[in-house]
Amino acid sequence: MAKKRDFLAITDFSTDELLALLDRAANLKAGMDKSKLTGKSLAMIFKKSSTRTRVSFEVAMTQLGGHAIFLSDRDSQIGRGETVSDTAGVLSRYVDAITIRTFAHAEVEELARHASVPVVNALSDLLHPCQVVADLQAVAEEFGSVTDCTVAWIGDGNNMANSWINAAYRLGFELRLACPAGYDPDPAILARAQKAGKVTLTRSPAEAAEGAHVVTTDVWASMGQEDEMAVRAKAFTGFVVDDALMALADERAIFLHCLPAHRGEEVSASVIDGPQSRIFDEAENRLHAQKAILLELME
Ligand code: CP
Ligand code: NVA
């Protein structure tokens, strides 16, 4: 039997596999790929809130002819302390794949180690790979190819930033991150990508946005960091994606945000609700991108 595969990070797929995944997501969106996962089940463990991820995975499984089961830590034994390894062992006897959204990335890895079925990272404090696949799909839709684009990340060096770095590492596009001091991305993820190619870190949003094809950002306080909001708001002064910043980007530039967003904090309403924003295409792509991921792992 072939070894099971997981999708915990963008880097779990090779460059060619990632490009093929994006093609497949586009074909699924266009209705040209009619692959099914008939009778297959997906368990979805959520220890954090979700709108897009939960609904898109659940609808993806339904449309593929399978079934998804939502497990929150509040009403499963997970929240009462059942171990990750026992949960992995038990779920592997019922379902064909597991997604998990949690805090520590080590828990995602532990689940994957103990599960005999594929595990998909639906967001950890370190990474949010499914979102960035959907984002890359939105970039490809706009510009034809991702590899020739310059992407500007403005704001927190968080799970989204780390996944963008992994994407740039694999696909070789130019990524410029502008993060305030003290809010840099994961140093190991950044160092690996910087050694390989065109990833830079600056303290200047303007420097990052100059001529970029994609300008993207995320909330200043991620899930679990709500108590730090006041401190972060101060640190992130000047890291707002507004019309002035977008004016520095390429004239064809698009704005992306994984959502949920805070208008008036990391992004102005004029940008996120304006003509350059592709937030709803990006959100829709979660469905197509995750179908492609599920098919690759479960077929
Ligand atoms: N972007 C994203 O993952 O959204 P949810 O938190 O609503 O799933
Ligand atoms: N960085 C955000 C992403 C939400 C989809 C968080 O982790 O809360």
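Cut-offs and rules
- Residues numbered from 1 in each chain as written.
- Chains lettered and ligands numbered in written order.
- Predicted model: local features only at pLDDT ≥ 70, side-chain atom pairs only at ≥ 80, totals over all residues.
- Heavy atoms only, no water.
- Helix = DSSP H or I, 4+ residues; strand = E, 2+ residues; numbered from the N terminus.
- Rg over C-alpha atoms; globule rule 2.2 N^0.38 Å.
- Buried < 20%, exposed > 50% of the residue type's maximum accessible area, 1.4 Å probe, protein only.
- Contact = heavy atoms within 4.5 Å.
- Areas by Shrake-Rupley, 256 points an atom, 1.4 Å probe, with all protein chains shown as cover.
- Pairing = 2+ DSSP bridges.
- Disulfide = S-S within 2.5 Å.
- Axes fitted to C-alpha atoms, helices over the stretch in contact; angles between N-to-C directions.
- Core = buried A, V, L, I, M, F, W, Y, C linked by side-chain atoms within 4.5 Å.

Trainee: Is there a simple way to explain the overall build of the chain in this structure?
Mentor: Scanning the chain from terminus to terminus reveals 12 helices and nine strands. Over its C-alpha atoms the chain spans a radius of gyration of 19 Å, differing by no more than 12% from the 19 Å that the globule rule assigns to 299 residues. Along the longest, intermediate and shortest principal axes, the C-alpha atoms of the chain span 55 × 45 × 35 Å. The burial tally for the chain puts 55% of its 299 residues in the buried class. Expressed as a percentage of contacts within the chain between residues at least 6 apart in sequence, the contacts between residues at least 24 apart total 74%. With the model as given, the accessible surface of the chain reaches about 12600 Å², and the carbon-plus-sulfur share is 51%.

Trainee: Whenever I open this one, the pairing of strand β3 (residues 97–101) confuses me. Can you help?
Mentor: Across a regular strand the side chains alternate sides, sitting on one face of the sheet and then on the other. With five of its five residues buried, β3 lies for the most part within the structure. Alternating positions in β3 separate into two faces, A97, T99 and R101 on one and I98 and I100 on the other, with burial throughout. Pairing between strand β1 (residues 41–46) and β3: five bridges, direction parallel. Following the sheet pairing, A43 is matched in β3 by I98. In the sheet, β3 pairs with strand β4 (residues 119–121) via three bridges, with the strands oriented parallel. Of the residues in β4, the one forming a bridge with I98 is V119.

Trainee: What exactly am I supposed to notice about the state of the cysteines here?
Mentor: Should the sulfur atoms of two cysteines be covalently bonded, the bond is a disulfide. Evaluation of the coordinates by the stated rule reveals zero disulfides. The closest cysteine sulfur to the non-disulfide-bonded C130 is located on C258, 13 Å from its own sulfur. Here C149 stays unpaired: no disulfide links it, and the sulfur of C258, its closest cysteine neighbor, is 19 Å away. With relative accessibility at 3%, the residue C149 sits in the buried group.

Trainee: When you look at the sheet that holds β4 in this model, what are you seeing that I'm missing?
Mentor: Whenever strands of a sheet pair, they do so through backbone hydrogen bonds, lying parallel or antiparallel. Within the open sheet, the four strands sit side by side as β2-β1-β3-β4. Their pairing is parallel. Of all the strands in the sheet, the pair left with one neighbour each is β2 (67–72) and β4. Ignoring which end each strand starts from, the neighbouring axes of this sheet average 20 degrees apart. Pairing of β1 with β2 involves six bridges; the strand directions are parallel. Residue pairing for β2: F46 is matched across the bridge by S72. Where helix α2 (residues 52–63) meets the sheet, it contacts β1, β2, β3 and β4, and its direction lies at approximately 175 degrees from that of β1.

Trainee: What should I look at first to understand unusual backbone geometry in this one?
Mentor: Phi is mostly negative for residues that are not glycine, and the peptide bonds are mostly trans. Following L259, the chain continues into P260 via a peptide bond in cis, with omega recorded as 5 degrees. Looking at the secondary structure, you find P260 in the loop between β9 (254–257) and α11 (269–272). In the Ramachandran plot, L123 falls in the positive-phi region, its phi being about 125 degrees despite a non-glycine side chain. Its relative accessible area of 6% is what places L123 among the buried residues. Its identity as a non-glycine residue notwithstanding, L259 has a phi of 70 degrees, on the positive side.

Trainee: Just checking my understanding: could you explain the environment of L259 for this structure?
Mentor: If you trace the backbone, L259 turns up in the loop between β9 and α11. A sequence separation of 208 residues divides L259 from T51, and the C-alpha atoms of the two residues are 9.5 Å apart. With residues up to four places along the chain from it excluded, the contact list for L259 reads R52, I272 and I279.

Trainee: What am I meant to see in the nonpolar core here?
Mentor: A general trend in soluble globular proteins is that nonpolar side chains are found buried together. Judged by nonpolar contacts, the single largest core of 60 residues is most densely connected at F7, L136, W164, F173, L175 and L177. For this core, the element with the most residues is helix α12 (residues 279–298), which contributes eight residues. Aside from chain neighbours lying at most four places away, what touches F173 is L136, V146, T147, C149, V151, W164, A167, A168 and K198.

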